[in-house]
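# Inside the fold
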Amino acid sequence: MNRGIRRLVVRLGGWSGAVGASIVLAIALAALLAPWIAPYDPVSLNLERKLQAPDAAHWFGTDQAGRDILSRAIWGARVSLMVGVLAVVIGLVGGVGLGLVAAYYSGGLVEQAIMRTVDAIASIPLLIWAIAVVGIIGVGPVLIGPFRFANEFKLLVLIGFLYMPGLARVTYTVAQIEAVADYVRARRVQGARDLAIMFGDVLPNCLSPLIVQGTLLVAIGIVVEASVSFVGLGVQPPTPSWGTMLADSRNYLFSGEWWLPVFPGLAISVTVVGFNLLGDALRDMLDPRRSTGRLIA
Amino acid sequence: MNAPLLEIRDLRVGFPIADRMALAVRDLSLDVMPGEAVGLVGESGSGKSVTALAAMRLVAHPGRILGGSIRLGGDDILALDERALRKVRGRRMAMVFQDPQTSLNPAFTIGQQLLDTINAHRSLTPREARAEALEALAMVGIPAPERRLNSYPHEFSGGMRQRALIAMAIACRPQLLIADEPTTALDVTVQAQVIALLRRLARDLNLAVLFISHNLELVAELCDRVVVMYGGMAMEAASVEALFSAPKHPYTRLLRQCVPRLEGGQERLLSIDGAPPVLGQMPPGCPFAQRCPDALARCRSDEPPSRQLDGHSVACWVAT
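My aim in this report is to walk through the structure given alongside it, one point at a time. Just so you know, these numbers come straight off a predicted model, no measurement behind them.

Quick notes on the rules
- By convention here, each chain's residues receive numbers from 1 onward along its written sequence.
- As a convention, the first chain written is A and the first ligand written is 1, with the rest following in written order.
- In keeping with the predicted nature of the model, local features appear solely for residues at pLDDT of at least 70, side-chain atom pairs appear and are counted solely at 80 or more, and the whole-chain, interface and lining totals rest on all residues.
- Water and hydrogen atoms were dropped before computing side-chain values, which therefore reflect all heavy atoms in the structure.
- Starting at the N terminus, helices and strands are each numbered in turn, a helix being any DSSP run of H or I of at least four residues and a strand any DSSP run of E of at least two.
- Atoms considered for the radius of gyration are the C-alpha atoms alone. The globule rule reads 2.2 Å times the number of residues to the power 0.38.
- By the convention used here, residues are in contact when the closest approach between their heavy atoms is within 4.5 Å.
- Note on areas: Shrake-Rupley with a 1.4 Å probe; residue coverage comes only from the protein chains shown.
- As used throughout, the charge tally considers Lys and Arg to be positive and Asp and Glu to be negative, leaving His and the chain termini uncounted.
- By convention, charge coordinates are those of NZ in Lys, CZ in Arg, CG in Asp, or CD in Glu.
- Exposure categories follow from relative accessible area, calculated using a 1.4 Å probe and restricted to protein chains: below 20% of the type maximum is buried, above 50% is exposed, and the middle band is partly exposed.
- Any two strands between which DSSP finds at least two bridges are classified as paired.
- Lines are fitted to the C-alpha atoms to define the axes, a helix being fitted only along its stretch in contact, and any angle between axes, read from their N-to-C directions, falls within 0 to 180 degrees.
- For classification purposes, an angle smaller than 35 degrees is called roughly parallel, one larger than 145 roughly antiparallel, one from 65 to 115 roughly perpendicular, and anything else oblique.
- Should the near helix be turned counterclockwise from the far one by less than a right angle, the crossing is left-handed, whereas a clockwise turn marks it as right-handed.
- Each residue receives one of three labels: charged for Asp, Glu, Lys and Arg, nonpolar for Ala, Val, Leu, Ile, Met, Phe, Trp, Tyr, Cys and Pro, and polar for the others, Gly being one of them.
- By buried area we mean how much accessible surface two parts lose on assembly, using a 1.4 Å probe and totalling the loss over both.
- Note on definitions: salt bridges are taken to be side-chain nitrogens of Lys or Arg within 4 Å of carboxyl oxygens of Asp or Glu.
- Polar contact criterion, stated in full: a pair of N or O atoms within 3.5 Å, where within protein one must be able to donate a hydrogen and the other to accept it, and residues adjacent in sequence count only if both atoms are side-chain atoms.

## Considering the overall build of chain B
Within chain B one finds 10 helices and 12 strands. For chain B, whose C-alpha radius of gyration is 20 Å, the value lies close to the compact-globule estimate of 20 Å for 320 residues. With the principal axes as the frame, chain B shows a C-alpha extent of 65 × 50 × 40 Å. Of the contacts formed within chain B by residues at least 6 apart in sequence, a portion of 63% connects residues at least 24 apart. A total accessible area of about 14,300 Å² is found for chain B, and carbon and sulfur atoms account for 50% of it. Charged side chains in chain B number 35 positive and 34 negative. The centres of these two groups are separated by 3 Å.

## Things to note about helix H8 (residues 182-189) of chain A
Across the eight residues that make up H8(A), a large majority, six, are buried. Against the buried residues of H8(A) lie helix H4 (69-104), helix H7 (151-179) and helix H9 (194-202) of chain A together with strand S6 (93-96) and helix H3 (110-121) of chain B. Looking one or two places after H8(A), you find A:Gly191, whose phi comes out positive at around 85°.

## Looking at the side chain of A:Thr62
Residue and element names in this part refer to chain A. Following the sequence through the fold, Thr62 ends up in the loop between helix H3 (34-37) and H4. Owing to a relative accessible area of 0%, Thr62 belongs among the buried residues under this scheme. Ignoring any residue separated from it by four or fewer positions in sequence, one finds Thr62 in contact with Arg49, Lys50, Leu51, Gln52, Arg67, Asp68, Ile69, Trp259 and Leu260.

## Side note on the environment of B:Arg83
Residue and element names in this part refer to chain B. Along the chain, the position of Arg83 falls in helix H2 (residues 82-88). Its relative accessible area of 53% is what places Arg83 among the exposed residues. A C-alpha to C-alpha distance of 24 Å links Arg83 and Pro4, two positions 79 residues apart in sequence.

## Remarks on the pairing of strand S4 (residues 64-72) of chain B
Consecutive residues of a regular strand have side chains that alternate between opposite faces of the sheet. Residues and elements named next belong to chain B. Where strand S1 (residues 6-17) meets S4, seven bridges bridge the pair, whose relative direction is antiparallel. Looking across to S4, one finds that Arg9 is bridged to Ser69. The pairing of S4 with strand S5 (residues 75-76) spans two bridges and is antiparallel. Looking at the pairing, Arg71 lines up with Asp76 of S5. Linking two consecutive strands that pair antiparallel, namely S4 and S5, is a turn of two residues; a positive phi of about 55° is found at Gly73 within it.

## Let's talk about the packing of H4(A) against helix H10 (residues 207-230) of chain A
Residues and elements named next belong to chain A. Where H4 contacts H10, the two axes come as close as 8 Å, and the packing angle between them is 135°. Of the possible angle classes, the one that applies to H4 and H10 is oblique. Between H4 and H10 lies a crossing of right-handed hand. Contacts between H4 and H10 involve Val79, Ser80, Leu81, Val83, Gly84, Val85, Val88, Leu92 and Val96 on the former and, on the latter, Leu210, Gly214, Leu217, Val218, Gly221, Ile222 and Glu225. Here the residues of the contact of H4 with H10 are counted per class, giving 11 nonpolar, four polar and one charged.

## Quick look at the interface of chain B and chain A
Listed per partner, the contact involves 24 residues of chain B and 16 residues of chain A. Both faces considered, chain B and chain A share a buried interface measuring about 1,700 Å² in area, 53% of it formed by carbon and sulfur atoms. Taken as a group, B:Arg86, B:Phe97 and B:Asn105 account for 30% of the area that chain B buries against chain A, more than any other trio of residues on that side. Taken together, the connections running from chain B to chain A amount to one salt bridge. Of the charged contacts in the structure, one is a salt bridge between B:Asp116 and A:Arg187, with a shortest N-O distance of 4.0 Å. Our count for the contact surface shared by chain B and chain A stands at seven residue pairs in polar contact (both at pLDDT 80 or more). For the side of chain B that touches chain A, the secondary-structure elements that each account for two or more residues are H2, S6 and H3 of chain B. Looking at side-chain class alone, the side of chain B that touches chain A contains 12 nonpolar, seven polar and five charged residues.

Just geometry here; none of it tells us what the structure is for.
Structure, rendered in structure tokens:
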């Protein structure tokens, strides 16, 4: 085998990491290049060609409205990835800030206020939160000034907020150890500001678990988006999304048109598996205790 | 005699233990003159590190400074607000800690950390700041400083890290360096090098040093004056020569005999019977009374005040 590839595979922590990275890369490319690589318009109806089985013209077949399922799956990657990634970004911004502050001002009211609030929010499962909140505020688009935000933006901001408790806890746990390290004391003795120490010194030493957790949370966000869209509270038609595609296919589960549920379902599963493999590989790579391949509980 | 650079008066630092404040430092007074090296000696738990942290006003929660005063060059450290305090820390007094393995941030290069320190207090152009950083590294005797600026802490040996930390401490030309057991985590040979370095820096930069150690020999090497602490109190303070040639306090005398000597004489190494008092269970009177061979009844009831005796300042009822 090509030595360059072999070295790359080793760097990615073995085959599973390499497979995960490849899947994530492929999905990301599909999402980015959707307008150019999708063979058909994902939303234009063609009732003459509805419910076509996969063939040379439509590799994944067509749905009940004659839309090309491959094209819809490619466009669906956009929504899924956007929700998955942006939610993690929002969650990281808020969660890391909260966790750092709680850990740095450990042993006081600030810490208790932040961490107990976090515990309270985290005591209700993510999916329940998402469905409840969207159910209450409704699925319409949001207008802010001249900008019109589709329902999925509401969803991703919401998921981002719901990620904050978990990410705050991860940050808090690691930062608590780092915040009492001698180098933090040394920085204070040098007259550095608290904020500079928190973000400049403590945070860089807490990054690896956050990177791992962030990667895994992208997968969870994709599942949540698909689930919420499946029950009609997420992405609204005609925007293609894997969750709505699955919802539309419910009527055809037992009537023989297997390609309707199988391909969006596969898209979700493969993407989620890809992010999980990548996250696991990153964990092995970034955790010095595991670098020998030995598991320490 | 000119005014002291660091002047600690009747300092009391307490930690809450079982609903009351236990005193880790009891009415400690201490002066450091400009350019002078003062040793603060004591066993573990005698309050020497807490004293150092208090001077920086960095006593960790839940500990608190309960009383007394700390003045640096006439400024009341205990009255400064956070902002003013940041300007004092690192700029006018700097500190080096015991463990060089953990005192450097593993995520950044030595150069970045040095520059952080310099930029925190001085507005220099990047070029000037870099020159300062190089000079600081050169001053502590790190070879090839240009190359070492880009090294990470894990690429440094223990002695080199301690040198790098000292470089950071002196980068802003403080008047006072507090060194909290800076050699304890190092090899004996490296210890001697670090002591020699501190002595040279003190001379070249007219730097006052408050050197905290449990090692009397190192204190004798470096310091002009010594303060011996026990149970949070200053037991005896004197010049190095006076303290070593004619210790007045029974504790100091015993401590001197606990140091092994190469030139023989003693067959068995002496140790002081008993253990230091535990914080929160401090007996009344002199903290050393229970272990003191010369203790009188009075020693167990009344706290001895500090008094002058042949140039020593001694807190003892018995010492003559």
